[in-house]
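# Geometric and topological summary
The primary structure of each chain is shown beneath.
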Amino acid sequence: MEYSPYIPMLPRFSRTLGRTAPRGLPGVWCVVALIGCGASSQRSSAAITSRPDAVVRVAVAPVRSATPAFDPDLAAGCGQTCALRPDRSVWCWSAASRARPALAPHTVMGLTDAEQLACGTNHCCALREEGNVSCWERPRPDAGVPLMLREILGVTGVRQIASGGDRTCVVFRSGVVSCWTLQGARRSSPYSEARPVAGLDDAMRVSVGPAHACAVTTDARVHCWGSNTYGQLGVDGRGVRGRAVVVPGVSDAVEVSGGDRHTCARTREGQVYCWGSNRDGALGVGPFQGGFTPQRLDAYMSAASVSAGARHTCAVLADQSVQCWGDNRAGAVGAILPERAYSPVGLPGVARVARVVAGCGSTCAMQVDGSVLCWGDAGATRATAAARPGEPARVRW
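Right, let's walk through the structure included here.

Cut-offs and rules
For every chain, the first residue of the written sequence is number 1, and numbering continues from 1 onward in sequence order. It should be noted that, the model being predicted, local features are given only for residues of pLDDT at least 70 and side-chain atom pairs only at 80 or more, the latter also being counted only at that level, while totals for whole chains, interfaces and linings use all residues. To get the side-chain values, all heavy atoms of the structure are used, and hydrogens and water are removed first. By definition here, a salt bridge exists when the distance from a side-chain nitrogen of Lys or Arg to a carboxyl oxygen of Asp or Glu is within 4 Å. Strands here are runs of E lasting at least two residues and helices are runs of H or I lasting at least four, both read from the DSSP assignment and numbered beginning at the N terminus. For each residue, the accessible area found with a 1.4 Å probe, counting protein chains only, is set against the maximum for its type, and the residue is called buried under 20%, exposed over 50%, and partly exposed in between. A 1.4 Å probe that fits but cannot get out identifies a cavity on a 1 Å grid over protein atoms alone, an open set with protein on both sides within 12 Å along at least five of seven lines counts as a pocket, and a residue lines either if it has an atom within 4 Å of a point. Grid points are joined across faces, edges and corners, and a volume is the space filled by probe spheres set on the points. Nonpolar residues are Ala, Val, Leu, Ile, Met, Phe, Trp, Tyr, Cys and Pro. Charged residues are Asp, Glu, Lys and Arg, and all others, Gly as well, are polar. Pairing between two strands is assigned when DSSP locates at least 2 bridges connecting them. To obtain an axis, a line is fitted to C-alpha atoms, over the contacting stretch when the element is a helix, and the angle between two such axes runs from 0 to 180 degrees between their N-to-C directions. Defined by distance alone, a disulfide is two cysteine sulfur atoms within 2.5 Å. When two rings of Phe, Tyr or Trp (its six-membered ring) have centres within 6.5 Å they constitute a pair, described as stacked for plane angles under 30 degrees, edge-to-face for angles over 60, and tilted for the intermediate range.

### Some words on the pattern of salt bridges
Counted by the stated rule, this structure contains twelve salt bridges. With a closest N to O distance of 2.8 Å, Arg-128 and Asp-113 form a salt bridge. Placement of the pair is Arg-128 in strand E11 (residues 123-128) and Asp-113 in the loop between strand E9 (103-107) and strand E10 (114-119), with a sequence separation of 15 residues. When sorted by exposure, Arg-128 lands in the same class as Asp-113, which is buried.

Have a look at this one:
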């Protein structure tokens, strides 16, 4: 992400009311009464005079911005949720499971230059300022909160990052996509070597599910690879595709998001298409079985982003509100809804949202001021003070 470290200088003029301005860098020339300005390399005290047309030279030092510009981020997997806050700190928390208790929000120590986050089932990764990637595993209950950051060797010049299941993929600035997996603690390295995806060299964005992945390419088309057991690749025929294939029927795409058994994409105009399993309503197009063909949601929907979770999906709309649909047994869609929502429904009280992430039985939304609301499984943990699982509540840092 590029940013300018300086506030832009004023336009340079070669002459100021007939007086030649010295050429150079900092410093501003101004005229009292009839004002004109020009840049100068000379730095000195201001010259004060009573003449109405006098030139006043004022020394102006370059002003640096307090912090580089970046966007706060939010990532959710089945194991934990992490937030990149406006102060650039990274906080993570997790819901309780049969094997592990919940973990309250805690900072990821040593990570002060993150620009993007991605979470899978048992690990999370961060794209750092220099274009490299560091990952960490979900902590065990007996290990305490401290986490070990591990840099992924040979992975530099990264534009975007995504995780799902035990796999992480990155889009390099060249457009090539490479992926690696979390192998477990018994190996010499917990992460496998990053390998490129065949058939992709012009990707813009990537999204990863537990058994498949998809990317948006420079021609605004969606390409998917991996398992197609439930039709999540958007092409005919079950089985595994080792090479990326084009999803027919979706054009002008700018975003794609892969869930457990389904995939959704957003177009430049804000339309949302979903395909794959609709057993729990994750496609948002009514109570039917789903399949290999992308289905367009409500034609009146104008989405700013979309996120496919395990068995539910959420979108931020153009008015910064949130709509969700799909499996609601854990309250991931909303507190007052039935167990399954087969079409998009709004969440009262959830407004001014910049980003939403759908996880496994939970949903979290980051508002424009950097605060985070969660509902579902995450809302029932110590991260929030929710009265019931489907009720949105603010994360307590």
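### Digging into empty space enclosed by the protein
Enumeration over the complete set of coordinates arrives at two cavities of 30 Å³ or more. Put simply, the largest cavity is a space of about 70 Å³. Lining the largest cavity we find Arg-261, His-262, Ser-277, Asn-278, Arg-279, Asp-280, Ala-282, Ala-310 and Arg-311. Tallied by class, the residues present in the lining of the largest cavity amount to two nonpolar, three polar and four charged.

### Overview of the pairing of strand E18 (residues 203-208)
Sheet topology note: the E18/strand E19 (residues 212-217) ladder contains five bridges and is antiparallel. Its bridge partner being in E19, Arg-205 is matched across the sheet by Val-216. Linking E18 back to E19 in an antiparallel pair, the connection comprises three residues.

### Section: the sheet that holds E19
With antiparallel pairing, four strands are arranged side by side in an open sheet as E18-E19-E20-E21. The sheet is open, and its two borders are formed by E18 and strand E21 (240-246), each paired with just one other strand. The sheet shows a mean angle of 15° between the axes of neighbouring strands, direction not considered. Where E19 meets strand E20 (residues 222-227), five bridges bridge the pair, whose relative direction is antiparallel. Paired with Ala-213 across the bridge in E20 is Trp-225.

### Quick notes on the pairing of strand E12 (residues 133-137)
With four of its five residues buried, E12 lies for the most part within the structure. Sheet topology places E11 next to E12; five bridges connect them, and they run antiparallel. Paired with Leu-127 across the two strands is Val-133, which belongs to E12. Across two bridges, the pairing between E12 and strand E13 (residues 150-151) is antiparallel. Bridge pairing in E13 links Cys-135 to Arg-150.

### Side note on the sheet that holds strand E17 (residues 195-196)
Sheet strands line up and pair through hydrogen bonds in the backbone, either parallel or antiparallel. Taking strand neighbours across the sheet as the criterion, the four strands line up as E14-E15-E16-E17 in an open arrangement whose pairing is antiparallel. Each having just a single partner strand, strand E14 (158-164) and E17 make up the two edges of the open sheet. As judged from the five bridges shared by strand E15 (residues 167-172) and strand E16 (residues 177-181), these two strands associate in the antiparallel manner. Following the sheet pairing, Val-170 is matched in E16 by Ser-178.

### Section: the state of the cysteines
Applying the stated criterion across every chain yields a total of nine disulfides. Two residues, Cys-82 and Cys-92, share a disulfide whose sulfurs are 2.0 Å apart. Across the S-S bond of Cys-82 and Cys-92 the torsion is about 105°, and the bridge reads as right-handed. On the criterion of sequence distance, the pair formed by Cys-82 in strand E7 (residues 81-84) and Cys-92 in strand E8 (residues 90-94) is long-range, its members being ten residues apart. An identical accessibility class is assigned to Cys-82 and Cys-92; each is buried. Here Cys-364 is linked by a disulfide to Cys-374, with a sulfur-sulfur distance of 2.0 Å. The S-S bond linking Cys-364 to Cys-374 shows a torsion near 110°; that makes this disulfide right-handed. Remark: Cys-374 occurs in strand E32 (residues 372-376) and Cys-364 occurs in strand E31 (residues 362-367); sequence separation between them is ten residues. Overall, the relative accessible area of 1% leaves Cys-364 in the buried class.

### Concerning the environment of Leu-84
Structurally, Leu-84 can be placed in strand E7. According to the relative accessible area criterion, Leu-84 is buried, its value standing at 0%. C-alpha separation for the pair Leu-84 and Leu-74, spaced ten residues apart in sequence, amounts to 6.2 Å.

### Side note on the packing of aromatic side chains
With the rule as written, the count across this model stands at two aromatic pairs. For the ring pair Trp-91 and Trp-397, a centre distance of 5.6 Å and an interplane angle of 65° mean the geometry is edge-to-face. Separated by 306 residues along the polypeptide, Trp-91 in strand E8 and Trp-397 in the segment after strand E33 (393-394) bring together distant segments of the chain. Exposure remark for Trp-91: the relative accessible area of 17% places this residue in the buried category. Judged by relative accessible area, which is 32%, Trp-397 ranks as partly exposed.

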